[in-house]
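Letter by letter, the chains look like this.
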Amino acid sequence: MPTVFADRGGRPRVIAHGLARRVALEVLMPRMVPWAALGALLLYVALPWSTWYVVVPVGKTAAEIRNQAVTDTPQLLLMLGTMGWVAASVGRRDPWLGAFAGWTVLNTWRVPTGLALATVVAVTLLAWAMVEARRLRSEWWPIIRWGLVVSGLAQITYAAAQWFKWDPLWGALASSQPHGTLGNPNWFGAYLAIVTPLAPWPLLPVFIAGLLLANARLAFAAAAVGVAWRLRGTWARGGVLAAGLAMVALLSVVTRDASGVASAGYRWQIWGWAVGDVLTQTPMVGWGPGAWYWRVPAIQLARGNPMVELFEHAHNEVVQLLYEAGVISLVLVAGWLWAHRRPLFSGTPWAGAVAALAVTALGMFPFHVPPLAALGCVVLVGATRPMAVRKE
């Protein structure tokens with residue numbers, strides 16, 4: 001079945017899927033899913049024999065190796081086999097998304113750490129949730145949109161209370177900067193930035209006030225891009241972008257915060273180290289899911305750690321994805337974006353939210369913060385679902 005969406009007048013149109021998409025949807029995936037199911041079921045039956053498969057860790061005693069073979073190996077095979085089955089099922093409805101989830105499963109075999117397993121479970125289940133959410137009837141999506149807007153307004157209200165030193169949730173642990181219920185001003189700002197393009201125009205001043213409470217420059221930039229994405233006129237888009245950049249500059253001057261400039265410089269340096277490390281040693285497959293957390297801070301310390309903090313996240317999802325999953329993962333993500341390019345460039349509120357999400361992903365790590373990752377998946381589905389360009 002071809003992918004259908006509605007144009008600005010509400011008339012259905014068909015996205016040209018091409019030969020490759022037809023082969024994936026109608027030939028490969030229907031055959032792959034039963035084989036994946038059979039493979040997973042056979043793996044379940046064979047789990048008692050899985051202790052033969054154990055990679056002998058360096059520096060481990062014989063007893064430790066035995067314990068790992070008895071407990072960790074069956075758990076690893078059970079989890080990855082099941083997640084591979086789920087990824088194949090996802091691929092039947094969304095080939096690019098299923099391929100990305102499947103690649104995450106395969107890449108975890110090389111570095112089966114606890115963080116890698118948590119990553120593959122999160123990626124695979126979120127991918128499954130996305131394809132299932134696309135099956136919702138179209139009349140539900142205005143309700144979901146309003147739910148996100150109301151949630152954003154509630155976050156702003158709570159942040160305003162924090163501004164007046166009333167914080168029943170965090171109490172004595174509260175920071176001086178309002179952060180809503182997310183616990184971090186930057187995360188609070190990112191949440192508002194992604195939701196702002198979904199808000200009706202009369203509520204836009206309220207969300208701007210919330211962004212001022214967050215005092216997050218990246219959030220202002222992301223919100224400006226997202227709102228501009230909704231607009232149709234070139235002058236209107238340019239005006240919104242200019243206003244957003246002016247607000248970012250004004251915040252920098254008013255707060256007299258030089259740490260932002262220093263932090264940006266540190267990030268560029270870290271990105272250079274990380275990209276050089278992965279491209280010179282393992283460019284296609286990366287270092288494995290979760291590898292940034294235990295490799296890059298070690299590189300910082302080995303080089304004398306000239307920075308004020310250890311970067312446990314890249315603060316750039318593209319760089320971290322390249323580092324952990326290689327060029328192959330970037331190709332799969334680019335393929336997914338290309339397959340959904342028409343609804344993403346449609347100028348709807350959902351597409352604006354995705355644009356804000358993209359800017360956020362270039363300056364922090366929204367897909368590594370559960371509330372932001374869940375929000376990101378919702379707006380991605382909202383923007384790319386069938387009939388996504390219908391006016392709401």
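Residues numbered from 1 in each chain as written. Predicted model: local features only at pLDDT ≥ 70, side-chain atom pairs only at ≥ 80, totals over all residues. Heavy atoms only, no water.

Points about the side chain of D277
Step number 1: Tracing the chain through its elements places D277 in helix α10 (residues 259-281).
Step number 2: With residues near it in sequence (within four places) discarded, D277 still touches W287, R295, I299 and Y323. (Helix = DSSP H or I, 4+ residues; strand = E, 2+ residues; numbered from the N terminus. Contact = heavy atoms within 4.5 Å.)

Regarding a nonpolar patch on the surface
Step number 1: Where nonpolar side chains cluster on the molecular surface, the patch consists of L115, Y293 and W294 and spans about 310 Å² of accessible area.
Step number 2: If you trace the backbone, Y293 turns up in helix α11 (residues 291-302). (Patch = residues over 30% accessible without salt bridge, like charges linked within 9 Å, V, L, I, M, F, W, Y side chains within 5 Å. Areas by Shrake-Rupley, 256 points an atom, 1.4 Å probe, with all protein chains shown as cover. Salt bridge = Lys/Arg side-chain N within 4 Å of Asp/Glu carboxyl O.)

Topic: helix α8 (residues 217-230)
Step number 1: Given a rise of 1.5 Å per residue, 14 residues ought to cover 20 Å, and the 21 Å separating the end C-alpha atoms of α8 matches this to within 8%.
Step number 2: Within α8, the full set of buried residues consists of A219, F220, A221, A222, A223, A224, G226, V227, A228 and R230. (Expected span 1.5 Å × (residues − 1). Buried < 20%, exposed > 50% of the residue type's maximum accessible area, 1.4 Å probe, protein only.)

Considering the environment of L125
Step number 1: With respect to the helices, strands and loops of the structure, L125 is situated in helix α4 (residues 114-133).
Step number 2: The class for L125 is partly exposed, based on a relative accessible area of 40%.
Step number 3: In sequence terms L125 and A101 are 24 residues apart; their C-alpha atoms lie 8.9 Å from each other.

Considering the layout of surface pockets
Step number 1: If you add up the space inside the largest pocket, you get close to 1500 Å³.
Step number 2: Forming the walls of the largest pocket are 48 residues, and the residues nearest its centre are F100, E317, L321, V333 and F367.
Step number 3: Mapped by element, the contributors of at least two residues to the lining of the largest pocket are α3 (95-108), α4, α12 (317-339), α14 (349-363) and α15 (370-384).
Step number 4: Here the lining of the largest pocket is built from residues that sort into 38 nonpolar, seven polar and three charged. (1 Å grid on protein atoms, 1.4 Å probe; cavity = no way out; pocket = protein on both sides within 12 Å on 5 of 7 lines; lining within 4 Å. Points joined across faces, edges and corners; volume = space filled by probe spheres on them. Nonpolar A, V, L, I, M, F, W, Y, C, P; charged D, E, K, R; others polar.)

Points about unusual backbone geometry
Step number 1: Backbone geometry places K165, a non-glycine residue, at a positive phi of 65 degrees.
Step number 2: Structurally, the position occupied by K165 is in the loop between α5 (140-163) and α6 (185-195).
Step number 3: Look at K165 and you get exposed, because its relative accessible area is 66%.
Step number 4: We note that N215 has phi near 55 degrees; this positive angle belongs to a residue other than glycine.

Considerations on the packing of α3 against α4
Helix packing geometry: the angle between the two helix axes and the distance between the axes.
Step number 1: Relative orientation of the contacting elements α3 and α4 amounts to 165 degrees, with a least axis distance of 9 Å. The angle between α3 and α4 places the two elements in the roughly antiparallel class. Crossing handedness for the pair α3 and α4: left-handed. Contact residues: L97, F100, A101, T104, V105 and T108 in α3; A116, L117, V120, V123, T124, A127, M130 and V131 in α4.
Step number 2: Its residues assigned to classes, the contact of α3 with α4 comprises eleven nonpolar, three polar and no charged. (Axes fitted to C-alpha atoms, helices over the stretch in contact; angles between N-to-C directions. Parallel < 35°, antiparallel > 145°, perpendicular 65-115°, else oblique. Left-handed = near helix turned anticlockwise from the far one by under 90°.)

Things to note about the packing of aromatic side chains
Step number 1: For the structure shown, the criterion picks out five aromatic pairs.
Step number 2: Each ring, one from W141 and one from W350, has its centre 5.5 Å from the other, and the planes form 90 degrees; the classification is edge-to-face. Taken together, the residues span a long stretch of sequence, with W141 in helix α5 and W350 in helix α14 at a distance of 209 residues.
Step number 3: Both rings, one in W268 and one in W271, keep their centres 5.2 Å apart while their planes meet at 65 degrees; by these two values the pair is edge-to-face. Here the residue W268 and the residue W271 both occupy positions in helix α10, the gap between them amounting to three residues, near one helical turn.
Step number 4: You can call W268 exposed: its relative accessible area is 62%.
Step number 5: W271 sits in the buried class, given a relative accessible area of 12%.
Step number 6: Between R230 and the ring centre of W201, over which it is positioned, the NZ or CZ distance is 4.1 Å. (Phe/Tyr/Trp six-rings, centres within 6.5 Å; stacked < 30°, edge-to-face > 60°. Lys NZ or Arg CZ within 6 Å of the ring centre and 35° of its normal.)

Here we look at the environment of G326
Step number 1: When you line up the elements, G326 lands in helix α12.
Step number 2: C-alpha separation for the pair G326 and W287, spaced 39 residues apart in sequence, amounts to 7.5 Å.
Step number 3: If we ignore the near neighbours within four places in the chain, the residues touching G326 are P283, M284, V285, G286 and L321.

Some remarks on the side chain of E324
Step number 1: Along the chain, E324 falls in helix α12.
Step number 2: Excluding anything up to four places from it in sequence, E324 contacts N107, V285, G286, W287, G288, P289, G290, A291 and W292.

Some thoughts on the packing of α5 against α15
Step number 1: Running from amino to carboxyl end, α5 crosses α15 at an angle of 145 degrees, the nearest separation of the two axes being 11 Å. In the crossing of α5 with α15, the sense of the turn from one axis to the other is left-handed. Where α5 abuts α15, its residues W141, I144 and L148 lie against L375, V378, V381 and G382.
Step number 2: Residues belonging to the contact of α5 with α15 are distributed by class as follows: six nonpolar, one polar and no charged.

Regarding the pattern of salt bridges
Step number 1: This structure, assessed with the given rule, holds five salt bridges.
Step number 2: Between R134 and D94 there is a salt bridge, with the nearest N and O atoms lying 3.0 Å from each other. Note that R134 is positioned in the loop between α4 and α5 and D94 in the loop between α2 (62-93) and α3, a separation of 40 residues in sequence.
Step number 3: What makes D94 buried here is its relative accessible area of 3%.
Step number 4: A salt bridge links D277 to R295, with the shortest nitrogen-to-oxygen separation between them at 3.0 Å. Of this pair, D277 sits in helix α10 while R295 sits in helix α11, and the two are 18 residues apart along the sequence.
Step number 5: Linked through salt bridges whose partners overlap, the residues forming this network are R93, E132 and R135.

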